[in-house]
Amino acid sequence: MKQFYEAVGGSYEAAAKTSHDEAKMAERLLEFSRDMTYPRIRDYAARQEFKAMRIEISALCSVSKYLGLSGIAGCCEKIAEGYAYKADFCVSDLFKERMAELDTEYRKVQEGILLLSPEKN
């Protein structure tokens, strides 16, 4: 598990605080990989439904912190901060950059989770 967290830039220590059992940590990460929050965020962003997107961003941020996925959590925080301070943030180039960062972090974590999958071992 430590190797997974190192590879994705996450925090093993943060995840270990919520679960001292590595098998349980792996199980929660596999559940995360099947969660539909991120696809809903992308869908809401594409349809410019930013209020609904903001709710999902908040949820993804919370779950990511709980799982020690600090890269995803950090991206979500940046998006939420921009949304809170600038009304037209969601149509700005900075928003697109922040979403691209989130895409990269999410993809990196998903690829790492695939390696944890029991079907791969």
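Residues numbered from 1 in each chain as written. Predicted model: local features only at pLDDT ≥ 70, side-chain atom pairs only at ≥ 80, totals over all residues. Heavy atoms only, no water.

The next point concerns the packing of helix α3 (residues 22–34) against helix α7 (residues 93–116). Axis separation between α3 and α7 bottoms out at 10 Å; the angle between their running directions is 130°. Classed by the angle they form, the pair α3 and α7 counts as oblique. α3 and α7 meet at a crossing whose hand is left-handed. Contacts between α3 and α7 involve L29, L30, F32 and S33 on the former and, on the latter, Y106, V109, Q110, I113 and L116. Tallied by class, residues from the contact of α3 with α7 come to seven nonpolar, two polar and no charged. (Axes fitted to C-alpha atoms, helices over the stretch in contact; angles between N-to-C directions. Helix = DSSP H or I, 4+ residues; strand = E, 2+ residues; numbered from the N terminus. Parallel < 35°, antiparallel > 145°, perpendicular 65-115°, else oblique. Left-handed = near helix turned anticlockwise from the far one by under 90°. Contact = heavy atoms within 4.5 Å. Nonpolar A, V, L, I, M, F, W, Y, C, P; charged D, E, K, R; others polar.)

Right, let's talk about the confidence of the model for the protein for a bit. When pLDDT is averaged along the protein, the result is 91, and 96% of the positions lie at 70 or above. Of all helices and strands in the protein, the one with the weakest mean pLDDT is helix α2 (residues 12–18) (91), whereas helix α4 (residues 37–46) scores best (96). (pLDDT = per-residue confidence, 0-100.)

This paragraph deals with the nonpolar core. Side chains that are nonpolar tend, in soluble globular proteins, to be buried together. With 37 residues, the main nonpolar core has M53, L69 and L102 as its most contacted residues. Going through the elements one at a time, α1 (2–8), α2, α3, α4, α5 (50–67), α6 (70–85) and α7 are the ones with two or more residues in this core. Apart from residues lying up to four places away in sequence, L69 is in contact with F4, Y5, V8, L29, F32, S64 and V109. (Core = buried A, V, L, I, M, F, W, Y, C linked by side-chain atoms within 4.5 Å. Buried < 20%, exposed > 50% of the residue type's maximum accessible area, 1.4 Å probe, protein only.)

Another point: unusual backbone geometry. One non-glycine residue, Q48, adopts positive backbone phi at about 55°. As for its position among the elements, Q48 is in the loop between α4 and α5. On the basis of relative accessible area, Q48 is assigned to the exposed category, the value being 52%.

Take the packing of aromatic side chains next. Under the criterion given, the structure shown has six aromatic pairs. For the pair Y5 and Y12, a centre-to-centre distance of 6.1 Å together with 70° between the ring planes defines the contact as edge-to-face. Through a chain of ring-to-ring contacts, three or more aromatic side chains come together here, namely F4, Y5 and Y12. (Phe/Tyr/Trp six-rings, centres within 6.5 Å; stacked < 30°, edge-to-face > 60°.)

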